[in-house]
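# A look at the structure
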Amino acid sequence: MRDLSRRRLLRTIGLGAAGVAGAGVLSSCAGGDNAESGATQFTGVFDFDLAAQTRNVAVEDGALLMNSVYADLFLPAGAFYNWETHEWDYLLLENSAWEGDDLVVTLRPGLKWSDGTDLTAEDLHQNYAIRVLEAPAWSVGFPQITELERLDDLSVRARFGNPFPGIELQVVKHRIFSKSTYGDFGERAITMVADGVRQGDDEHTEFNAEFIEFNPEEIITSGPYTFDRAQMSDARITLVRESTGYRGEEVNFEEVVVHKGDNRQASLLIQQGEVDYSTLATSAADQQAFRGVEGFRWIEHPGYDGCGLMFNYAAKPELKDVRVRKALKHLLDSDQIGQVARGEAYDRVRYYSGLVDLQTEQIFTPEELAEFAAYDHDPDRATELLEEAGWTKEGGVWHTAEGQEASYEIIGVAGWGDFELTATQVEEAWNAFGIKTTARNVPADNPWGIWAAGDFEVAVRHWGNPEIPQYWGAFQMNFLVENARTGETPGQDFDLKVDSPSRGEVDLEALVEVAKTAQTEEEQTEALKTMAIVFNELLPRIPIWTYKYLAPALEGARVESFPEDHPAAQNQIYRDNHIILSLMQGGLEAAG
């Protein structure tokens with residue numbers, strides 16, 4: 001979840017003073033570049049930093065535009081994985097196929113880099129070797145490759161140790177970078193991988209120190225657009241059509257302009273009609289203001305994670321009683337919290353399974369879904385549960401079964417507006433019921449370290465998983481992330497060996513591994529169903545709301561219209577964005 005701080009900086013400022021202040025910043029953009037160049041143009045927005053960000057696209061964090069949806073336009077992926085059908089749609093790759101423990105990956109013929117060289121299996125071989133060395137050891141895909149071999153000009157064979165369904169995801173999706181730029185690193189990586197060197201070995205440490213500091217002068221591209229260095233400034237980046245790139249003859253816009261802007265600036269640009277499509281977060285006030293913009297429409301992207309509460313069971317042992325956790329949830333009005341935190345851009349939680357409802361409905365029958373408990377706003381039920389757990393209320397204040405005054409500190413994250421607002425609303429609800437609660441925000445530079453170290457009592461935290469399309473990813477997030485249970489990184493300190501009312505003794509950590517690596521769909525599904533049912537019964541985290549991504553878009557100014565459907569329309573917004581894929585594949589038409 002490394003770039004969530006960039007994605008989730010939801011602001012709640014209205015159109016008052018901030019709008020006036022922003023008007024001067026935007027005045028230079030009025031009219032757009034299209035009026036000057038006469039070229040057909042698609043416009044977007046992203047908070048880039050031209051000076052600070054590198055051109056080392058092989059190290060995505062910190063590289064120019066690589067954490068944006070626009071990366072597909074200049075460095076397309078090998079393929080995109082359809083989250084709805086669980087099938088591959090190939091882009092730069094022509095095919096991928098398993099032959100026993102070997103994955104054979106084949107490029108499309110005739111691909112070109114923007115420097116005029118051919119994109120071949122030599123690029124692929126070097127890329128894969130670098131990723132074997134550089135991919136985090138805990139990740140799935142590249143670290144499990146034991147051998148690499150270039151078979152011909154278009155194909156590479158990757159051998160895996162103990163492959164399982166879905167292990168190839170990151171390999172097939174890999175965004176290929178050019179041998180012209182990385183050839184020396186690539187050739188060294190091929191030799192090192194063949195010699196058995198892996199991440200953490202002395203040879204890799206030396207290689208890595210050079211690799212992460214490498215900063216080439218330009219980004220050599222393979223997609224339908226490339227960087228126009230003459231039109232790059234602190235205010236905007238212009239990508240121009242590269243006819244020799246993949247789909248370069250099929251796109252319908254000569255230029256793609258990416259304005260610089262954070263969430264608030266992006267909203268102002270949309271209101272001024274300067275941006276055709278944005279994936280940045282918008283406040284509830286801005287959502288209302290968009291409706292007055294000519295040609296405005298929402299494009300909805302499903303969410304695969306949500307916002308909720310994570311407990312520190314060591315700091316507050318009374319929370320080990322499931323009745324207390326359920327009571328705390330019954331005190332929360334999820335609709336109210338979601339609307340304040342996200343405006344229209346949220347969904348309520350129906351099943352409390354640890355998976356988002358969309359996924360829950362994919363693996364359970366309607367009859368099975370009817371058995372799931374709901375935890376709606378119900379203060380009377382909360383009172384019953386707390387009293388059953390031995391809690392008492394004296395002078396309007398609740399006391400735990402041990403007779404201590406119940407109190408909690410809940411942490412949000414500074415600048416993550418939806419987290420901040422969720423924390424304050426939980427504070428208000430619990431205080432109103434007689435449970436002393438204080439909300440504060442931790443700095444945005446490293447909340448992950450705070451969560452992992454267990455430096456909290458209750459934390460606003462994600463549940464589900466927007467990074468991994470396979471269902472097991474949600475339970476990896478819910479049960480294993482920030483739950484190492486070690487001296488330095490205890491995290492939640494939640495015991496993963498639990499007693500389930502319906503399933504008996506369950507080892508959740510073992511079930512995550514079964515759901516991830518089992519060789520049959522039946523085994524995987526059974527493990528998934530067990531974890532979902534146990535999550536619903538025990539509420540180890542409290543889901544409050546689910547992300548629904550509402551991307552503002554303008555039709556009629558530069559884009560004729562946006563497609564109603566696309567094979568990737570059910571994908572997570574930052575994982576193969578279907579609007580950007582439509583643009584790349586020629587599915588977006590310029591306004592006439």
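Whatever comes next refers back to the structure up there.
In short, a report on the structure. All figures in this text were calculated on a predicted structure; none of them were measured in a lab.

Rules used in this analysis
Residues numbered from 1 in each chain as written. Predicted model: local features only at pLDDT ≥ 70, side-chain atom pairs only at ≥ 80, totals over all residues. Heavy atoms only, no water. Helix = DSSP H or I, 4+ residues; strand = E, 2+ residues; numbered from the N terminus. Rg over C-alpha atoms; globule rule 2.2 N^0.38 Å. Buried < 20%, exposed > 50% of the residue type's maximum accessible area, 1.4 Å probe, protein only. Areas by Shrake-Rupley, 256 points an atom, 1.4 Å probe, with all protein chains shown as cover. Pairing = 2+ DSSP bridges. Axes fitted to C-alpha atoms, helices over the stretch in contact; angles between N-to-C directions. Polar contact = N/O pair within 3.5 Å; in protein donor to acceptor, adjacent residues only side chain to side chain. Contact = heavy atoms within 4.5 Å. Parallel < 35°, antiparallel > 145°, perpendicular 65-115°, else oblique. Left-handed = near helix turned anticlockwise from the far one by under 90°. Nonpolar A, V, L, I, M, F, W, Y, C, P; charged D, E, K, R; others polar.

### Some points on the overall build of the chain
Secondary structure summary: the chain contains 21 helices and 22 strands in total. Scaling as 2.2 N^0.38, a compact globule of 592 residues should have a C-alpha radius of gyration of about 25 Å, and the chain matches this with 25 Å. Overall size of the chain, expressed as C-alpha extent along the three principal axes, is 75 × 60 × 45 Å. Across the 592 residues in the chain, those meeting the buried criterion constitute 57%. Summed over its atoms, the accessible surface of the chain is roughly 22900 Å², and 46% of this surface lies on carbon and sulfur atoms.

### A word on the sheet that holds strand β9 (residues 236–241)
Pairing in this open sheet of 4 strands is mixed, and the strands run β1-β10-β9-β8 from one edge to the other. If you trace the sheet from one side to the other, it starts and ends with β1 (41–46) and β8 (225–232), each paired once. Going from strand to strand, the sheet's axes swing by 30 degrees on average, the running direction of each strand aside. The pairing of β1 with strand β10 (residues 255–260) spans 6 bridges and is classified as parallel. The partner of T43 across the bridge, within β10, is V257.

### Considerations on the side chain of H566
Looking at where H566 falls in the secondary structure, it is placed in the loop between β22 (549–554) and α21 (578–584). Reaching out from H566, the side chain makes a polar contact with the backbone nitrogen of A568 at a distance of 2.9 Å. Beyond its immediate chain neighbours, meaning those up to four positions away, H566 contacts F80, H578, L581, S582 and Q585.

### Let's talk about the pairing of strand β18 (residues 458–464)
Most of β18 is tucked away: 7 of the 7 residues are buried. As paired elements, strand β12 (residues 305–311) and β18 share 7 bridges and run antiparallel to each other. Counted as the bridge partner of G306 is W463 from β18. When strand β16 (residues 407–413) meets β18, the two strands line up parallel, connected through 2 bridges. When the bridges of β18 are listed, I411 appears paired with A459.

### Quick word on the packing of helix α18 (residues 472–480) against helix α20 (residues 521–538)
A pair of packed helices can be characterised by two numbers: the angle between their axes and the separation between those axes. Interhelical geometry of α18 versus α20 gives an angle of 40 degrees and a closest axis separation of 10 Å. On the basis of their axis angle, the class for α18 and α20 is oblique. The interaxial crossing formed by α18 with α20 has left-handed handedness. Each of W472, F475, N478 and F479 in α18 lies in contact with α20, whose residues at this interface are L528, M531, A532 and F535. Considered class by class, the residues forming the contact of α18 with α20 number 7 nonpolar, 1 polar and no charged.

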